[in-house]
Amino acid sequence: MTDLKSNSAGIYDASVLGKPKMMLLGFQHLFAMFGATILVPAITGLTVSSTLLFAGIGTLIFHFISRWEVPAFLGSSFAFIGGYMTVKSLGAEHGLSDVLSLDYASIGIFFAGMLYFVMSLLIRMFGSRRILRFFPPVVTGPIIISIGLTLSGSAISSCMSDWPIALSAMGIVVVANIWGRGILRIVPILLGVAGSYILAASLGKIDFSHLHEASWIGLPFTWDRTVFAVFDNPDYSFMLSSVIAIVPIALATIVEHIGDMCAISSTVGRNFIAYPGLHRTLLGDGIATSVASIFGAPANTTYGENTGVLNLTKVFDPKVIRIAAVLAIILAFCPKFSMLVSLMPASTIGGVSLILYGMIAAVGIRNLVEAKVDFSQSRNVIVAALIMVLSIGIKYGAGDSISFGVVSLSGLAVAAIAGVLLNAVLPSSEDKKA
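Here the structure is a predicted model, which is why all the values come from computation and not from measurement.

Trainee: Sorry if this is basic, but what is going on with the packing of aromatic side chains here?
Mentor: For any pair of aromatic rings, the description rests on two quantities: the centre-to-centre distance and the angle between the ring planes. Under the counting rule described, the total for this entry stands at 8 aromatic pairs. Judged by centre distance (6.3 Å) and plane angle (40 degrees), the ring pair of Phe 54 and Phe 221 falls under tilted. Within this pair, whereas Phe 54 is found in helix 2 (residues 48-65), its partner Phe 221 is found in the loop between helix 9 (188-202) and helix 10 (236-246), the two being separated by 167 residues in sequence. Note on Phe 54: relative accessible area 5%, which makes it buried. A relative accessible area of 27% means that Phe 221 is categorised as partly exposed. Note on Phe 54 and Phe 295: the rings are 5.1 Å apart at their centroids and 10 degrees apart in plane angle, and the pair reads as stacked. Of the two residues, Phe 54 sits in helix 2 while Phe 295 sits in the loop between helix 12 (273-294) and strand 2 (300-302), which places them 241 residues apart along the sequence. Here the aromatic cluster, defined as three or more aromatic residues joined through ring pairs, consists of Phe 54, Phe 221, Trp 223, Phe 228 and Phe 295.

Rendered as structure tokens:
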């Protein structure tokens, strides 16, 4: 087997991988995103198959619009969960079923995606510099750290269901990444998932009784789970209420998108905000979200789990992500595979996620260090501190989100908005000298 080559920074040259190894890396990215991606439909009531299908399609749309340059995978956005639940509650008051209420919510998601388009157009017209001056490292660094830390709670909760299985997954990942050679070193997540899954199965901790009932081939969505079902007998006032409840959330997720792009840029060592451009990545994310919403899939967002995989493996070739996207599309038509993955122990997902989420937080710390952010300035301390405290405090102290009327925002969204505003209004040492 040909040894993988890496440069002095330990970054692997994907051109020497070959198709079999690229496929393995694609599967690794698929499994990295799977746990969080299917969690959103599990919470909201959307379908897993359509979610998986449009995670793949959305990723390919994003890559096309961003000129095939950015190694990002788009999965389900947690930020809109509060919006879905709000619309479901409003729907119940109107006597609508949960399924039909979710269809109305999807219309709100569609227009939220269009807001990305508007922001992309503004950046294209006036340039990203005017926007990015509101997002210096003192803001984006703590946001990236907060992304990892707020996700870590779900990883711990999953680990607690079976710590031995979780620790086996973590142990395999660490051993493969530190002491592995060749392909073993760049697929630690896949090995951790497979190894702990097999261990759990051998110990009788997985019930496969329902697996044979799942068919091999099936459609990922049905008519009643799309926005088209709304127009069989539309309620336009409720439609407007759904749009008002959901669209403002996009203002916060746009800020999160910028933080994710900074995280990916820092991980890869390339400025994707400059090229292919923030306007392109925003447009790709927004169109992917709007297309997904039409067919009843959740809003998309760039996934930190896959950024963690990039940081761990040092293989940054976007082709690997696109392989994962194609696999997601194919497997969306296979209910048996969806069932097999859904049977994966939560502790397995928790074990590998714990490492991935930690890697995201580490990228944020590196972002602050490399930018040489001066924490002797009180204003920098205040901006960074409030971003992290708000994001984590709301996440674990207010039940994931906080409501402002009919609008519900995640802790990360509130923190990002607060950080941007504080950085804009608090004077820096340069301002005082001036």
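There is more to say after this.
Trainee: What exactly am I supposed to notice about the packing of helix 2 against helix 14 (residues 318-332) here?
Mentor: When two helices pack together, their arrangement is captured by the angle between the axes and the distance separating the axes. Running from amino to carboxyl end, helix 2 crosses helix 14 at an angle of 150 degrees, the nearest separation of the two axes being 8 Å. One way to sum up the angle between helix 2 and helix 14 is to call them roughly antiparallel. By crossing handedness, the relation of helix 2 to helix 14 is classed as left-handed. Of helix 14, the residues touching helix 2 (which contributes Ser 49, Leu 52, Leu 53, Gly 56, Ile 57, Thr 59, Leu 60 and His 63) are Pro 318, Ile 321, Arg 322, Ala 325, Val 326, Ala 328, Ile 329, Leu 331 and Ala 332. A class-by-class count of the residues in the contact of helix 2 with helix 14 yields 12 nonpolar, 4 polar and 1 charged.

Trainee: Which parts of the structure should I look at to understand the pattern of salt bridges?
Mentor: Side chains that differ in sign of charge can pair as their charged atoms come close. Counted according to the given criterion, the structure contains 3 salt bridges. A salt bridge links Asp 162 to Lys 205; the nearest nitrogen and oxygen atoms lie 2.8 Å apart. Of this pair, Asp 162 sits in the loop between helix 6 (137-159) and helix 7 (163-179) while Lys 205 is found in the loop between helix 9 and helix 10, placing the two residues 43 residues apart along the sequence. For Glu 370, the salt bridge is made with Arg 366, and the minimal N-O distance between the two is 3.6 Å. Remark: Arg 366 and Glu 370 occur in helix 16 (residues 346-370); sequence separation between them is 4 residues, near one turn of the helix.

Trainee: Just to check I follow, could you spell out the environment of Ala 385 for this structure?
Mentor: Mapped onto the elements, Ala 385 comes out in helix 17 (residues 378-397). Given the relative accessible area of 32%, Ala 385 is considered partly exposed. Along the chain, Ala 385 and Pro 142 lie 243 residues apart, while their C-alpha atoms are 8.0 Å from each other.

Trainee: What should I look at first to understand unusual backbone geometry in this one?
Mentor: The general pattern is negative phi for most residues beyond glycine and trans for most peptide bonds. Geometrically, the link from Tyr 275 to Pro 276 is a cis peptide bond, its omega value of 10 degrees lying close to zero. Mapping Pro 276 onto the fold places it in helix 12. Although it is not a glycine, Trp 68 sits at a positive phi angle of roughly 60 degrees. Summarising the element assignment, Trp 68 is placed in the loop between helix 2 and strand 1 (74-76). Overall, the relative accessible area of 41% leaves Trp 68 in the partly exposed class.

Cut-offs used in this document
The residue numbering used here restarts from 1 in each chain and proceeds along that chain's sequence as written. For this predicted model, a pLDDT threshold of at least 70 governs which residues receive local features, and a threshold of 80 or more governs which side-chain atom pairs are given and counted, while totals over whole chains, interfaces and linings are taken from all residues. Note: side-chain values were computed over all heavy atoms of the structure, leaving out hydrogens and water. For Phe, Tyr and Trp, where Trp contributes only its six-membered ring, two rings pair if their centres lie within 6.5 Å, and the inter-plane angle classes them as stacked under 30 degrees, edge-to-face over 60, or tilted in between. Strands here are runs of E lasting at least two residues and helices are runs of H or I lasting at least four, both read from the DSSP assignment and numbered beginning at the N terminus. The buried label applies to any residue whose accessible area, calculated with a 1.4 Å probe on protein chains only, is under 20% of its type's maximum; exposed applies above 50%, and partly exposed to all values in between. Between N-to-C directions, angles cover 0 to 180 degrees, with each direction set by a line fitted to C-alpha atoms, over the stretch in contact for helices. Roughly parallel here means an angle under 35 degrees, roughly antiparallel means over 145, roughly perpendicular means 65 to 115, and every remaining angle is called oblique. Working rule for handedness: look at the near helix, and if it is turned counterclockwise from the far one by less than a right angle, call the crossing left-handed; if clockwise, right-handed. We call two residues in contact whenever any of their non-hydrogen atoms come within 4.5 Å of each other. Each residue is assigned to one class: nonpolar for Ala, Val, Leu, Ile, Met, Phe, Trp, Tyr, Cys and Pro, charged for Asp, Glu, Lys and Arg, and polar for all the others, Gly among them. Here a salt bridge means any side-chain nitrogen of Lys or Arg lying within 4 Å of a carboxyl oxygen belonging to Asp or Glu.

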